[in-house]
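Listed below, chain by chain, are the residues.
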Amino acid sequence: MSSLLILILIVAFFAWYLSYSATRLDRLHHRVETSWANLDSLLQRRAAIAIEIARSEISDPAASLLLTFAAHQAREASIKDRSQAESGLSGALGILLEGADEISGAHEKALVLELQELNSKIKMAIAIHVDAVNRTTMVRAKPIIRLFRLAGNAPEPVVYEFEDDVL
Amino acid sequence: MMPISKKRIGIVCPYGWDTPGGVQSHVGDLAQYLISAGHNVSVLAPALSDENLPDYVVSAGRPIAIPYNGAVARVLFGPIAFARVRQWISQGNFDVLHLHEPAIPSISLLACWAADGPMVGTFHAAAKRQKVSFAVVPFLEPVIEKLTARIAVSEAARETLKEHLETDAIVVPNGIYADRYRDGVLEPRWSGNTLGFIGRFQEPRKGLSILLDALPRVVSAFPDIQVFVAGPGNPDEALEVIEPNLRDRIHFLGRISEKEKANFLTSVGLYIAPNTGGESFGIILAEALASGASVIASDIPAFDSLLGHGKYGTTFTSEDSKDLSAKIVDLLSHPDERLKKAKLGKEYAQSFDWDVVAEKIFDVYEMAMAGGRKVTLASENRSWNKFLGRE
């Protein structure tokens, strides 16, 4: 009799634990979505500024071509290729910003300033996103979650490898 | 100024509001800054009494004093506190929650457990790895990972977080009102070959005794040295342990005002911070640097990282009065070097100004809010509330 009771308790606890783990994982997936949405919008804004810089007087024709190309590529890349495309854009912008002190013209100065502010925000957004992805991958890898397929149909989060030092 | 998109911000302070402390004053200053920027801010904190609370603070109940991590912490937990926390969250309709020290057993942790949605956590403590943390991590992890973004107040705090909870954080320092300190006036009565100390000097971890032990060796090199101690406490008791022939060099000023503090830090020859531990950030050092003071501090992690590992101030081996006296004598003998370092430190300290720090914190809020949803009670807590008929 008592062994039946214990069995029921164990099953109940196990059911609770499964539901708890599923909620936990669901939250993490949500966190990844949020941090990606945030990073994505910041990167889109950066691409827009890059195109504007390409049209301004800061950049020579070669740089304009490179920037426009990199910006469009970054905008159109799929999530998986995104970080590589964005790194290309970072590189192009980095070369341009090296001589940022000598830039004249109010509009150009404002553009560069906006870009610099954006870059520091992007750094933060990357840190937040990378952490969310790491956490989620860690929890997804747990045996119990894999065994009971608690991740459901949620796609594996994509690691965003951004070259920090380029920024 | 911040872009005017008014947000409802809920901040949770884990420690008793009525007891002075670094976290409490950080939360207070931040709340006031955000309010003046046009946001709607509510702070939930334990408090001994509801009287004298600023109108943006909501009391969560009376704090309990428990020894935690080598100091007495005034924290709050338990079913009644948890009910208060849930009520505050469900009524607050917040856009973002900012939880301070969510890894401490107090209401920040409870709020993190109870809420769902955009949440930012700030970690203040920089502690060495303790055995007990192995045991508590499994409980903390699922709760802490609900935070959308994490802030550490120093590199040391970030390292602690990485080590204990295996999670990274963005470093945003604590804020000071730098302009108050930038414009400190040099007062002759405190300047010259003088050493300054600020703090509750009777607390052993503030380290006044280490400074006093170092004094005899300093006196033999600089016979005109004077020590000024500011802060609350009983000077007679403190003087008892000091050698009689040194007593007339030590001057107790008692509690000083903010304005006097700025002048004090600007005037003293060297500012000494011999704290032996328990410091999360070392806001006083940021203030001292902003005033242009030359600083000597113990090499505890928080101080070492704030002083840029010796770039903006000098460190000595913590609790080693011999090393302290050597550093004092060395700096007093090289005024040029000392002033150069202090000048560098003064420029650097501007980055602790609230205008810079609060903007950064708000940037993190914006990132947490990117999903566009509001803070709600977590589903498991919602059904619990329904069950108890609270909703």
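Rules behind the numbers
- Residues numbered from 1 in each chain as written.
- Chains lettered and ligands numbered in written order.
- Predicted model: local features only at pLDDT ≥ 70, side-chain atom pairs only at ≥ 80, totals over all residues.
- Heavy atoms only, no water.
- Helix = DSSP H or I, 4+ residues; strand = E, 2+ residues; numbered from the N terminus.
- Rg over C-alpha atoms; globule rule 2.2 N^0.38 Å.
- Buried < 20%, exposed > 50% of the residue type's maximum accessible area, 1.4 Å probe, protein only.
- Contact = heavy atoms within 4.5 Å.
- Areas by Shrake-Rupley, 256 points an atom, 1.4 Å probe, with all protein chains shown as cover.
- Phe/Tyr/Trp six-rings, centres within 6.5 Å; stacked < 30°, edge-to-face > 60°.
- Salt bridge = Lys/Arg side-chain N within 4 Å of Asp/Glu carboxyl O.
- Pairing = 2+ DSSP bridges.
- Axes fitted to C-alpha atoms, helices over the stretch in contact; angles between N-to-C directions.
- Domains from an automatic or database assignment.
- Nonpolar A, V, L, I, M, F, W, Y, C, P; charged D, E, K, R; others polar.

Caption draft 1: Local environment of the overall build of chain B. Assigned secondary structure in chain B consists of 16 helices and 17 strands. The globule rule puts the C-alpha radius of gyration for 391 residues at 21 Å, and the 22 Å found for chain B is close to it. Based on the C-alpha atoms only, the size of chain B along its principal axes is roughly 75 × 40 × 40 Å. Each of the 391 residues in chain B was classed as buried or not, and the buried ones make up 55%. Excluding contacts between residues fewer than 6 apart, the proportion of contacts in chain B whose partners are at least 24 apart in sequence is 70%. Of the roughly 16,800 Å² of accessible surface on chain B, a fraction of 53% belongs to carbon and sulfur atoms.

Caption draft 2: Representation of the packing of aromatic side chains. Residue and element names in this part refer to chain B. Under the criterion given, the structure shown has 14 aromatic pairs over all chains. Geometrically, the ring pair formed by F82 and W113 is stacked, given 5.3 Å between the ring centres and 20 degrees between the ring planes. Of the two residues, F82 is situated in helix 2 (residues 79-92) and W113 in helix 3 (residues 107-114); the sequence distance between them amounts to 31 residues. Here W113 falls in the partly exposed class, since its relative accessible area comes to 41%. Their ring planes at 70 degrees and their centres at 5.9 Å tell us that F362 and Y365 sit as a pair that is edge-to-face. One end of the pair, F362, and the other, Y365, are both in helix 15 (residues 354-368), 3 residues apart, so they sit about a helical turn from each other. Take F362: its relative accessible area is 3%, and that puts it in the buried class.

Caption draft 3: Spatial organisation of the pattern of salt bridges. One pass over the full model with this rule turns up 19 salt bridges over all chains. Salt-bridge contacts for B:E258 lead to B:R180; the nearest nitrogen and oxygen are separated by 3.3 Å. Taken together, the positions of B:E258 in helix 10 (residues 258-267) and B:R180 in helix 6 (residues 178-182) put the pair 78 residues apart, joining distant regions of the chain. B:R180 sits in the partly exposed class, given a relative accessible area of 45%. In this structure, the salt-bridge partner of B:R189 is B:E187, at a minimum N-O distance of 2.8 Å. Classification of B:R189 as exposed rests on a relative accessible area of 51%. Through salt bridges with shared partners, a single ionic network connects A:R24, A:R135, B:E141 and B:E145.

Caption draft 4: Geometry of the environment of B:S318. Mapped onto the elements, B:S318 comes out in the loop between strand 16 (314-316) and helix 13 (321-333). Setting aside residues no more than four positions away along its own chain, B:S318 makes contact with B:N275, B:T276, B:S298, B:D299 and B:I300.

Caption draft 5: Structural context of the sheet that holds strand 16 of chain B. Residue and element names in this part refer to chain B. Strand order across the open sheet formed by 6 strands is 13-12-11-14-15-16, with parallel pairing between neighbours. Across the chains shown, the open sheet's two edge strands, defined by having one partner strand only, are strand 13 (250-254) and strand 16. Within this sheet the neighbouring strands show an average axis-to-axis angle of 25 degrees, counted without direction. Packed on one face of the sheet, helix 7 (residues 208-221) meets strand 11 (194-198), strand 12 (226-230), strand 13, strand 14 (270-273) and strand 16 and runs near 165 degrees to strand 11.

Caption draft 6: Structural view of the side chain of B:N275. Residues and elements named next belong to chain B. As for its placement among the helices and strands, N275 is situated in the loop between strand 14 and helix 11 (283-290). Residue classification places N275 among the buried positions, given a relative accessible area of 8%. The residues touching N275, leaving out its near neighbours within four places in the chain, are R205, K206, S298, I300, F303 and S318.

Caption draft 7: Examining the domain arrangement of chain B more closely. Residues and elements named next belong to chain B. Assigned domains within chain B: domain 1 (8-175 + 353-387) and domain 2 (178-351). Distance between the C-alpha centres of domain 1 and domain 2: 32 Å. In this complex, domain 1 contributes 13 residues to the contact, which on the side of domain 2 involves 12 residues. Listed by contribution, the elements that provide at least two residues to the side of domain 1 that touches domain 2 are helix 5 (155-165) and helix 15. Here the residues of the side of domain 1 that touches domain 2 are counted per class, giving 7 nonpolar, 4 polar and 2 charged.

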